[in-house]
Amino acid sequence: MKDTKTKKRDTWASRIGIIMAVAGSAIGLGNFLRFPAKAASNGGGAFLIPYFISLVLLGIPLMWIEWTLGRYGGGFEHGTAPGIFHSVWRKNRFIKYFGVIGIFGPIVIFTFYTYIESWTLAYSFFALSGKYAGLADKTAMHSFLRGFQGLENNQYFSGLGTAYFFFLITFALNIGVIYHGIRGGIERLCKIAMPLLFIFALILFVRVITLGAPDPTKPAWNISNGFGFLWNPDFSALKSAKVWLEAAGQIFFTLSVGIGVILTYASYLSKGDDVVLSGLTAASINEVTEVILGGSIIIPAAFIFFGPADIKSIATAGVFDLGFVTMPLVLNKLPFAQIFGFCWFFLLFLAGITSSVSLAQPAIAFLEDEFDVDRKHAVWIFGVVSFILCQAPVFFLKNGVVDELDFWGGTFFLVVFATVETILFAWVFGMENAWDEIHKGADMMVPKIYKFIIKYVTPLFLFFILGMWFWQEWLPIILMKKVSPADRIYVLATRVGLILMFIVLAVMVKIAWRRRRLRGGKAV
Ligand code: PFF
């Protein structure tokens, strides 16, 4: 029977539009904060070895898999993983429930990512208005951050009011963008925000590499030693399984693969649109931005101003300290500090918003495609539900809720989901079919070796990562060994919340499929 639905799915207006949107999703806080921090604390230059191996064996194959499966699913009017997986493996009744991760994961990341993004907007204003301009040491800048985050009341802030205000603005901006749809909202945003982002990143890049050695009494605190600190390889790090896991995790996170958002973006392609060159282009833009620009700003700049003795502890102090304490301190020491401070934080904001809108889209697409809700209503529903969910990271940041959400949404489920996708693609869809499907409308051939890589190497690598994870970390994580006793109740509550959310989404999938069956069903 024919589908009763008459409305057409949204599409991208141009090829450059979808490339910018995927690159926008990929280039985020991960490129400018997470990557340099990980590299500096996991072997420096040696980190690039597992990083690039993971890029070639996991990142690029998953990029192609998600672009291809997304376009394929879009042809059946499915923009999210439950429907897409079901279209690939129609005989299997359970596969659609694995697809729930492709809606669940992005929502989980969205809840805390948007909050952190709102800090970057707030700090852009603080930089311009000189609110932190007088702070010259780590202790002061650190209490400024803690006051802002509502972790302590001090002379800078009392309560969460300011942070909440900027959170509301950021949240509203995100909702405003997705309200305007794929081409009118996301594509338009990315076409403006991405070039701007590159301009800001280049300004900071040039500023940092031309710093030389600003303090004549300390000639060794110079830019080349700064790069040396970050990139001189410590090959002994490669013996640690943790370094390999961190590198693979960074590849997933930075490319936004293994979570469902690229599937959704690609579902708005048309049948004959190229995925091979476009996917590779988006991934390459992300990599250049991460390794060259991301790797050249924060750590080398911090080295120049804090010197070799302090840089180690700075680099390992965590991404928030790096971005919101170290970097403003460094920039405060330069002429035109307010302008450079603004460049830094607004760069992060642009990187953040082009990523967070991609995290919202799977939930919207799910409501539109599987429940025939129109876009405006879907955005309303998403807005209300995600707003409620966001309160947890906002109010319970100090209790480890963000770390917990980041672990499940931003690390663990990525690997699980990627494993399911790869097996579906290479083994259920079948490598021959898959190869044909990838090359429909393609502007270049995928190197033949990838037939072998996607079929054997990528899944084995993923199993290896999952195995290592179970072996090394499963028990301490399940038992909350690294969580302080006072916070355990919050972490537990987060876990219960996540399980409930997963169940609700799974029930929604069940209802959607039952509705379709009762209606005679659209072709799946
Ligand atoms: N790739 C983004 C970053 O590097 O910050 C984060 C991200 C966005 C991860 C979207 C996953 C995702 F689906």
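The coordinates are above.
Rules used in this analysis
- Residues numbered from 1 in each chain as written.
- Predicted model: local features only at pLDDT ≥ 70, side-chain atom pairs only at ≥ 80, totals over all residues.
- Heavy atoms only, no water.
- Salt bridge = Lys/Arg side-chain N within 4 Å of Asp/Glu carboxyl O.
- Helix = DSSP H or I, 4+ residues; strand = E, 2+ residues; numbered from the N terminus.
- Buried < 20%, exposed > 50% of the residue type's maximum accessible area, 1.4 Å probe, protein only.
- Patch = residues over 30% accessible without salt bridge, like charges linked within 9 Å, V, L, I, M, F, W, Y side chains within 5 Å.
- Areas by Shrake-Rupley, 256 points an atom, 1.4 Å probe, with all protein chains shown as cover.
- Near = heavy atom within 4 Å.
- Polar contact = N/O pair within 3.5 Å; in protein donor to acceptor, adjacent residues only side chain to side chain.

Chemist: Explain the pattern of salt bridges residue by residue, including any values.
Modeler: This model, assessed by the stated rule, comprises 16 salt bridges. Of the charged contacts in the structure, one is a salt bridge between Asp310 and Lys138, with a shortest N-O distance of 4.0 Å. Here the residue Asp310 occupies a position in helix H13 (residues 276-316), and Lys138 occupies one in helix H7 (residues 138-148), the gap between them amounting to 172 residues. With a shortest N-O distance of 2.9 Å, Glu437 and Lys440 are connected by a salt bridge. The class of Lys440 is partly exposed, set by a relative accessible area of 42%. Here the residues in one salt-bridge network are Arg15, Asp274 and Asp443, joined through shared partners.

Chemist: A description of a nonpolar patch on the surface should follow, citing residues and the corresponding values.
Modeler: Where nonpolar side chains cluster on the molecular surface, the patch consists of Leu492, Val496, Ile499, Leu500, Ile503, Val507 and Ile511 and spans about 610 Å² of accessible area. Judged by its relative accessible area of 41%, Ile511 is partly exposed.

Chemist: I'd like a rundown of the site of the ligand, residues and numbers included.
Modeler: Taken together, 15 residues lie near the ligand, and Ala26, Gly30, Tyr113, Phe253 and Ile259 sit nearest. One nitrogen or oxygen atom from the main chain of Ser25 is found 3.2 Å from a nitrogen atom belonging to the ligand. Leu29 places a main-chain nitrogen or oxygen 3.1 Å from an oxygen atom of the ligand. Notes on the ligand: free accessible area 340 Å², of which the protein chains cover 100%.

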